[in-house]
Amino acid sequence: MTKSMLLKRIVTNPRILMGKPVIKGTRIPVTTILGMLAEGATEQEVLDDYPDLKTDDIAAALSFAAQVADFEDLRVETEVAG
């Protein structure tokens, strides 16, 4: 599945979770999926916890995160060697 096809699985709607990005057709926030993966959950564990999700939804969340992280104006704290 292409990146643009994956990203179509992510939607925002001010009426759903105050406009947070969610998986289309669900109320499952992208941040929930990313948080689980960051804490060491496997893809299968995420799918087991959220049976409405598909493997492509997890890929979409990761693709969305990559796109956000690549945003030019994203400010992150940098560590200064010294």
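Calculation rules
Residues numbered from 1 in each chain as written. Predicted model: local features only at pLDDT ≥ 70, side-chain atom pairs only at ≥ 80, totals over all residues. Heavy atoms only, no water. Axes fitted to C-alpha atoms, helices over the stretch in contact; angles between N-to-C directions. Helix = DSSP H or I, 4+ residues; strand = E, 2+ residues; numbered from the N terminus. Parallel < 35°, antiparallel > 145°, perpendicular 65-115°, else oblique. Contact = heavy atoms within 4.5 Å. Buried < 20%, exposed > 50% of the residue type's maximum accessible area, 1.4 Å probe, protein only. Polar contact = N/O pair within 3.5 Å; in protein donor to acceptor, adjacent residues only side chain to side chain. Core = buried A, V, L, I, M, F, W, Y, C linked by side-chain atoms within 4.5 Å.

Caption draft 1: A look at the packing of helix α2 (residues 30–38) against helix α4 (residues 55–69). Interhelical geometry of α2 versus α4 gives an angle of 95° and a closest axis separation of 9 Å. Taken together, the axis directions place α2 and α4 in an arrangement best described as roughly perpendicular. On the side of α2, the interface is formed by Val30, Ile33, Leu34 and Leu37, while α4 contributes Ile58, Ala61, Leu62, Phe64 and Ala65.

Caption draft 2: Molecular detail of the side chain of Thr26. For Thr26, the location among the structural elements is in the loop between β2 (22–23) and α2. With a relative accessible area of 12%, Thr26 lands in the buried category. At 3.0 Å, the side chain of Thr26 and the backbone nitrogen of Ile28 are in polar contact.

Caption draft 3: Layout of the nonpolar core. Membership of the largest hydrophobic core comes to 14 residues, with the highest contact counts inside it found for Ile10, Ile23, Ile33, Val46, Leu53 and Ile58. Of all elements in the fold, only α2, α3 (43–49) and α4 reach the threshold of two or more residues within this core.

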